[in-house]
Amino acid sequence: METPEKQSADEELISIGKAQLKATHLNKVFWPDEGITKGELLHYYRDMAEWIVPYLKDKPISMRRQPNGIGDPGFFQKDTDVNHLPSWIKSEPLYSESNDKNINYIIGKDAATLLYMVNLGCIEINPWLSSYKKPENPDFVVIDIDPHDVPFTEAVQVALKTKEVFDRMKLDVFIKTSGSKGLHIYCYLGAKYDYDFVKMFAEYVAKLVNHELPDITSIERSPAKRPKKTYVDFLQNRRGQTIACPYSVRPKPGATVSAPLHWSEVNDDLKLSNFTIHNMRERVKKVDDPWKELTKNKADLKKALELLRPE
C-alpha cells in the first residue's frame, strides 16, 4: 500500500540572525509543469544566500513580484511603504526620473532581506548596477547577449567575440547564463565612472562586436528590425536598469538559474537548461567559484579605449 505524500506546512517561521520571517503559502505551486512550490524556491534562496547576498549588498532592488508563480505576469514594485517594512529591512529614498519623485527602494543587505523579497513572490532578484551610496556610478559595465530565434551556439560565438574585444583592451570580464535566453558579461568598475560614460563605452563595445560579426549580431533594439540575429544589448547600463543577479532563479520552464560560468564552459555544449534550482547547490560545492575574482581589479576604461585606437 502506497503511503500518501507528506504534506509540508504551508507556513514556516524562519530565523536568520536577529530577524524572524513568517514565510507563507509555501505549498503554492509556482511551476505547474514541474510541480515546484514556493517553499522549494524559498529554501533554494535560503541555502544559496551566502553566494547571492554579496551581489545585492547596498544595491537598490526593483522587485518583480509573481505571487501566483511563473504563469503570473506579476508586477514591478520599486516603491515600498516604509511603515510596513520589518525593522530589519533597510530602505533608501532615491530619485526616480520617470516618477519625478523619490522612491523608497529596498536595499540588499543580508539573507533575511533576500528571503523577505522571495516571500513577497519575487522569483527573480533584480538589483541595480550601482549602490544606493553612489547611485549615478555603476559598479559594472554589462553586455547582455540576447539571441533571437537563432541557435544558442550563436550566442556563445558572440560572447567569445565580446571577450576577445575586452581582451584586446586588457580588461577582465566574467560571464553568466541569464537563466532566460542569453548570456551576461560583466566587467568591474567599482563606481569609477558615471552611467553616461559607461553606457557610451558599452555601446562602443557592442558596435565593435557587431562590426566583426555582422551576419549574426545586431544592435537594433526592436526585434522586428533584427530577425534571426543575436542582440548585443548595451542599454542595461542606465541608472535604474536591473539585471537578474548571479544565482537568481528565473520564472522560466525548468526553474533555470542565472549561473556564473568559467570561460572554458562557454562552448557549443553549453545549455541554459543545465543550470536549475535543483542542481546549483551541488554545483557551488563542486565547482571552483568562477566569479571569485570579479572585484579584484577595477577597470580603467579610458586606458582600455586607448589600446583599441588604430596606430
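Because the structure is a prediction, the values reported are computed rather than measured.

Visitor: An account of the overall build of the chain is requested, with residue identities and associated values reported.
Guide: For the chain, the count of helices and strands is 6 helices and 15 strands. With the C-alpha coordinates aligned to their principal axes, the bounding extent of the chain is approximately 75 × 50 × 40 Å. Each of the 311 residues in the chain was classed as buried or not, and the buried ones make up 53%. Residue pairs at least 24 apart in sequence account for 68% of intrachain contacts in the chain once pairs closer than 6 positions are excluded. By element, 48% of the accessible surface of the chain is carried by carbon and sulfur atoms, the whole surface being about 15200 Å².

Visitor: Tell me what's going on with the sheet that holds strand β9 (residues 101–107), and back it up with residues and numbers.
Guide: The 3 strands lie next to each other as β5-β9-β8, forming an open sheet whose pairing is antiparallel. A strand with exactly one partner marks an edge of an open sheet, and here the two such strands are β5 (60–61) and β8 (91–96). Examined bridge by bridge, β8 and β9 share 6 bridges and lie antiparallel to one another. For S96, the partnering residue across the bridge sits in β9 and is K101.

Visitor: With reference to specific residues and values, describe the side chain of D289.
Guide: Position of D289 among the secondary structure elements: in the loop between α5 (280–286) and α6 (301–308). One buried charged residue, D289, remains without a salt bridge, the closest side chain of opposite sign being K292 at 7.6 Å. A polar contact of 2.9 Å, which involves the side chain of D289, links it to the backbone nitrogen of W291. Apart from residues no more than four positions distant in its own chain, D289 is found in contact with W51, Y247 and H262.

Visitor: Help me get a handle on the pairing of strand β14 (residues 230–233), residues and values and all.
Guide: Where burial is concerned, the two faces of β14 agree: the one with T230 and V232 and the one with Y231 and D233 are both buried. With 2 bridges connecting them, strand β13 (residues 217–218) and β14 associate as parallel partners. Within the sheet, the bridge partner assigned to S218 lies in β14 and is Y231.

Visitor: Explain the sheet that holds strand β11 (residues 174–177) residue by residue, including any values.
Guide: Judged by pairing direction, the sheet is mixed, and its 6 strands sit side by side in the order β13-β14-β10-β12-β11-β15 without closing on themselves. The strands lining the two open edges of the sheet, one partner per strand, are β13 and β15 (260–261). On top of the sheet, helix α3 (residues 152–168) reaches β10 (140–147), β11, β12 (183–188), β13 and β14; it is set at about 155 degrees to β10, its chief contact. With respect to the sheet, helix α4 (residues 195–212) is in contact with β10, β13 and β14, its orientation differing from that of β10 by roughly 40 degrees.

Visitor: Which residues make up α3, and what are the values?
Guide: Its 17 residues give α3 an end-to-end C-alpha distance of 25 Å, which sits within 8% of 24 Å, the value for a rise of 1.5 Å per residue. Tucked into the core, α3 has its buried residues touching β10, β11, β12, α4, β13 and β14. Once α3 finishes, K170 follows within two positions and takes phi at roughly 60 degrees, a positive value.

Rules and cut-offs
Residues numbered from 1 in each chain as written. Predicted model: local features only at pLDDT ≥ 70, side-chain atom pairs only at ≥ 80, totals over all residues. Heavy atoms only, no water. Helix = DSSP H or I, 4+ residues; strand = E, 2+ residues; numbered from the N terminus. Buried < 20%, exposed > 50% of the residue type's maximum accessible area, 1.4 Å probe, protein only. Contact = heavy atoms within 4.5 Å. Areas by Shrake-Rupley, 256 points an atom, 1.4 Å probe, with all protein chains shown as cover. Pairing = 2+ DSSP bridges. Lys, Arg positive; Asp, Glu negative; His and termini not counted. Salt bridge = Lys/Arg side-chain N within 4 Å of Asp/Glu carboxyl O. Polar contact = N/O pair within 3.5 Å; in protein donor to acceptor, adjacent residues only side chain to side chain. Axes fitted to C-alpha atoms, helices over the stretch in contact; angles between N-to-C directions. Expected span 1.5 Å × (residues − 1).

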